[in-house]
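# Architecture and fold: a report
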Amino acid sequence: MFDILQARIHQKHRTIRFPDAPPPPVPDRFRGRPEIDTARCVEGCRACAEACPTNAVAIADGKLPVIDLGRCIFCNDCVQACPQEAIAHSTDYRLAVREHENLVLEPADALVLAEELGKKMKRLLGRSLKLRVVSAGGCGACEADVNVLGTVGWDLGRFGIQYVASPRHADGLLITGPVTQNMKAALLDTYAAMPEPKVVIAVGSCAISGGPFIDHAEVNNGVDSVLPVDLYIPGCPPHPLTILDGLLRLLGRVDDYKTTV
Amino acid sequence: MTAPSELLTTRNGEAVALEKIPRHDLAAFQRIASGAVEGGQRVASFFGYDAGELGGIDLLMVLANDEDGQLNILSTSIEGNSFPSMTPDCNQVHLFEREIAEQFGVRPEGHPWLKPVRYQASWRPGRDAWNRPGNQPIVPGSGDFYRVEGDEIHEVAVGPVHAGVIEPGHFRFQCHGEHVFHLEIALGYQHRGVEKALVEQPAKRALHYAENLCGDTAIGHSTAYCQVVEALSGCRKTVRAQALRGIALEFERLANHIGDLGALSGDAGFLPTASYCGRIRGDFLNMTAVLCGNRFGRGMLRPGGAGYDLDDAGIEDLLTRLEAGEKDAASAIELLFDTPSVLARFEGIGLLPADVCRELGIVGPAARAAGLERDVRHDHPSGIYRFAQLPLPTWNSGDVFGRAFVRWLEIKHSITFIRDQLHALPAGDVRAVTGPLKPGHLAVSLIEGWRGELCHVALTDAQGKFRRYKVTDPSFHNWAGLAYALRDQQISDFPLCNKSFNLSYCGHDL
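Residues numbered from 1 in each chain as written. Chains lettered and ligands numbered in written order. Predicted model: local features only at pLDDT ≥ 70, side-chain atom pairs only at ≥ 80, totals over all residues. Heavy atoms only, no water.

This next bit is on the overall build of chain B. Across its full length, chain B carries 16 helices and 16 strands. Its C-alpha atoms give chain B a radius of gyration of 22 Å, near enough to 24 Å, the size a compact globule of 510 residues would have. Dimensions along the principal axes, computed over C-alpha positions, put chain B at roughly 65 × 60 × 45 Å. A burial count over chain B gives 66% of its 510 residues as buried. Residue pairs in contact within chain B that sit at least 24 positions apart in sequence constitute 68% of those at least 6 positions apart. For chain B, the accessible surface area stands at approximately 17700 Å², while carbon and sulfur atoms represent 50% of it. Looking at chain B, you have 49 positive and 63 negative side-chain charges, and the mean spots of the two groups are 5 Å apart. (Helix = DSSP H or I, 4+ residues; strand = E, 2+ residues; numbered from the N terminus. Rg over C-alpha atoms; globule rule 2.2 N^0.38 Å. Buried < 20%, exposed > 50% of the residue type's maximum accessible area, 1.4 Å probe, protein only. Contact = heavy atoms within 4.5 Å. Areas by Shrake-Rupley, 256 points an atom, 1.4 Å probe, with all protein chains shown as cover. Lys, Arg positive; Asp, Glu negative; His and termini not counted. Charge placed at Lys NZ, Arg CZ, Asp CG, Glu CD.)

Structural data, given as structure tokens:
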């Protein structure tokens, strides 16, 4: 008993104050939203598009590069390939959006961050969102950073959000992985087992586009090829802050947030 | 003992010309391989590949001689649609043979439990080991399961979707009340076609496949991949790069071991350590992010070296974090092992004794917990581990306690290793240039990931492109160990047993 108390004192109270206080700092080398300084782009250069392993960067003839954050695995290959040093990852962790097309960014576009649920859904789920998590081909990284939000450091429960053990208890489905052919049926069964109304959240580049496994015959290219998706959270994996930010935006729990960045 | 000409001897991280690999007829191949395993060698990898214009398939086996630090390679070829199974004489190949059957549509006759491994279509259209119609989808988890019959016997089926935030798999228990007679595990739900993609997709995706094969082992698998490329291109990496890779690999081990000890504590109903370790695991993931910007080590590895260097401020930052992490981990984990109610739940549960580990080819902490001194860093060292040796802790109980306690000992050694390396980081560049891959060669790369041995084998074609890329995650060896450990246990102890192994679904399913 004494040992337990001693350890308790040593470990202290460590739950982050976010969103009431600034979030814990991300590391200096954190690879958040990629940004292209297109003023530096040289006509005819395709280095970034050719280096990108998932074709997240596309350059139409005579045009400037377009980045698809849903395909991006935040890997640094385009940054290293760019002869003009025009690409860099910002340390901005906010990436979640409501519409798939909002993930594709023309150079001049601002990212339209996720808006809150409609009035009726927000009234139903805004203060209590129970999520069933299904990994459908996820590598375990997204799962780990979804899971970490449940630990004492993040304490997701304080927002009324909880991961539940059965789809019967769930208001929403949080999905990771590209949706392998071998998980498609189980995923659709889980969705069907949830009572209406329900939301679907796709976490990570696999769940949004297939990620590194895009266009493999063994996978479907992300959740919205089989189910309607209400929230897209990009990353490989998304940082826990990115996931939390997305969930809180969906629930309208942070009023003072900017909606575009 | 086998004559030298029967096997080609190489070492971890070396390339050999394909033509030098001895080719035997199937009977001789099986006799030599069984003999080597009886003599104490281990099947590190065993796989098929297209024989080329001849149309048949070739089989290649990598045997690990842990005592001498050598890898022994031999090959054979198969014609027709079947071959006599070697499993009855050599249990270690049971899953490898099932995999060969599934990937190439050839039937190992006499295999005692010939079921699909991943419920994927054969790579050779029109050939299927189970004669399933080619126009119908393959349903994962289908087919017969091992059954125990009796009036009071019941079957418990769990998965593929589980209650927690974990990957999918199907578990089928044969029970009498709480008592488990048999557990059969059906996987494949996570199959993403990675091995095939490593050959067919553009080379720029290869490193990212390695990083995403198994998310909690991104450093381990990407190190194994880089080592393959470096061996095949004759690249010499700098000592500084090797040290940074070692640091990253040990951080990965620390984060996972600490997280698992917390989860084991939670499954035993002891919440203090469960809560603390969940957070401390994150602290160690954040240390990896200091190295390379990503909590799971993505971007840290590059063929030829490392993707990121570390400056003095970074070293200082990591040393400070490491010291705090060490104190927090010690406080949380010593509490776990000092609590009698926890020990009562850990001791004598989920037994996997040394002889079974040897027979099944179990690797990693699960083998060391049963007393086997089996660790790639020790037996087949590559990179920094040739210069800096870690102690090899073992325990002799082979139970949940053993698997937990070995991990705690490894945590302490990994922290010491990282601190030593950070204090004496060699000078120099972090990345060397890798040239084209040698055509017609093979390279074997072993890395001791936190779960155990990762084995990557690559074969190149005449143009120096991958012709076959074989990945063996430690989970591939160890899932059978978990099934064994559940025998004669209470079904309510399954979570505890499962977590004490914490095997990867996607690492197995590829």
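Tallying the contact residues gives 61 residues for chain A and 62 residues for chain B. Where chain A abuts chain B, roughly 4600 Å² becomes buried across the two surfaces, and 53% of that area is made up of carbon and sulfur atoms. It is Gln11, Arg29 and Asn182 of chain A in chain A that bury the most area against chain B; as a group they hold 16% of the surface buried on that side. For Glu218 of chain A, the salt bridge goes to Lys196 of chain B, with nearest N and O atoms at 3.2 Å. Along the contact surface separating chain A from chain B lie 35 residue pairs in polar contact (both at pLDDT 80 or more). (Buried area = accessible area lost by both parts, 1.4 Å probe. Salt bridge = Lys/Arg side-chain N within 4 Å of Asp/Glu carboxyl O. Polar contact = N/O pair within 3.5 Å; in protein donor to acceptor, adjacent residues only side chain to side chain.)

Across all of its chains, the model carries 41 salt bridges over all chains by this definition. Note that Arg295 of chain B is salt-bridged to Asp145 of chain A, the shortest N-O span being 2.8 Å. Highlighted residues: Arg295 of chain B in the loop between α7 (271–292) and β12 (301–302) and Asp145 of chain A in helix α5 (residues 141–147), drawn from two different chains. When its relative accessible area of 6% is taken as the criterion, Arg295 of chain B is described as buried. Among the ionic contacts, a cluster of salt bridges with common partners joins Glu250, Arg253, Arg368, Asp375, Arg377, Glu410 and Glu448 of chain B.

What follows covers the nonpolar core. The biggest cluster of nonpolar side chains holds 122 residues, and the ones touching the most others in it are Phe251, Phe284, Met300, Phe337 and Phe346 of chain B. Core analysis: the second largest hydrophobic core is formed by 42 residues, Leu103, Val179, Tyr191 and Ala202 of chain A among them. (Core = buried A, V, L, I, M, F, W, Y, C linked by side-chain atoms within 4.5 Å.)

Adjacent strands of a sheet pair through backbone hydrogen bonds, lying either parallel or antiparallel. Residue and element names in this part refer to chain A. Pairing is parallel in the open sheet, where five strands are placed in the order β7-β6-β8-β9-β10. Two strands in the sheet have a free side with no partner beyond their single neighbour: β7 (161–163) and β10 (231–233). Mean inter-strand twist for the sheet, computed between neighbouring axes without regard to direction, equals 25°. Judged from the five bridges that link them, strand β8 (residues 172–176) and strand β9 (residues 199–203) form a sheet pairing that is parallel. The residue of β9 that forms the bridge with Gly172 is Val199. Strands in contact with helix α6 (residues 181–193) are β6 (129–135), β8 and β9; relative to β6, the strand with the most contacts, it is inclined by about 165°. Helix α8 (residues 240–250) rests against β6, β7, β9 and β10 of the sheet, and its axis sits at about 165° to β10. (Pairing = 2+ DSSP bridges. Axes fitted to C-alpha atoms, helices over the stretch in contact; angles between N-to-C directions.)

Because each turn of an α-helix spans 3.6 residues, side chains separated by three or four positions end up pointing in the same direction. Residue and element names in this part refer to chain B. Here α7 spans 32 Å end to end across 22 residues, near enough to the 32 Å set by a 1.5 Å rise per residue. Taken across its 22 residues, α7 has 17 buried, putting it largely inside the fold. Just beyond α7, the residue with positive phi is Gly293, at close to 85°. (Expected span 1.5 Å × (residues − 1).)

Turning to the packing of aromatic side chains, a few remarks are in order. Residue and element names in this part refer to chain B. Per the stated rule, a full pass over the model turns up 21 aromatic pairs over all chains. Aromatic pair Phe47 and Tyr49: ring centres 6.3 Å apart, planes at 45°, arrangement tilted. Note on Phe47: relative accessible area 0%, which makes it buried. Residue Tyr49 is classed as buried on the basis of its relative accessible area of 5%. (Phe/Tyr/Trp six-rings, centres within 6.5 Å; stacked < 30°, edge-to-face > 60°.)

In the numbering adopted here, UniProt assigns the feature "domain: NADH-quinone oxidoreductase subunit D" (unreviewed entry) to residues 267–432 of chain B. With 57% helix and 2% strand, residues 267–432 of chain B has end C-alpha atoms that lie 46 Å from one another. (UniProt positions renumbered as here; feature names shortened; annotations may be inferred.)

All names here are of chain B. Among the nine residues that make up strand β4 (residues 42–50), eight are buried, leaving the element largely enclosed by the rest of the structure. Of the pairings in the sheet, the one linking β4 to strand β5 (residues 57–65) comprises eight bridges and is antiparallel in character. In the strand pairing of β5, Ser45 is matched with Val62.

The next subject is the pairing of strand β15 (residues 453–460) of chain B. Residue and element names in this part refer to chain B. Most of β15 is tucked away: eight of the eight residues are buried. Side chains Glu453, Cys455, Val457 and Leu459 project from β15 onto one buried face, and the interleaved Leu454, His456, Ala458 and Thr460 project onto a second face that is buried too. Pairing between β15 and strand β16 (residues 466–472): six bridges, direction antiparallel. Residue pairing in the sheet places His456 in a bridge with Val471 of β16. Linking β15 to β16, which pair antiparallel, is a turn of five residues; within it Gly464 sits at a positive phi near 80°.

The terminal C-alpha atoms of helix α13 (residues 400–423) of chain B lie 35 Å apart, and with 24 residues this matches the ideal 34 Å at 1.5 Å per residue to within 8%. Buried residues dominate α13 of chain B, accounting for 18 of its 24 residues.

Residues and elements named next belong to chain B. The three strands are arranged β9-β10-β11 in an open sheet whose pairing can be described as antiparallel. The strands lining the two open edges of the sheet, one partner per strand, are β9 (154–158) and β11 (179–186). The average undirected angle you get between the axes of adjacent strands in this sheet is 20°. In the sheet, strand β10 (residues 170–176) pairs with β11 via seven bridges, with the strands oriented antiparallel. Counted as the bridge partner of Arg172 is Glu184 from β11.

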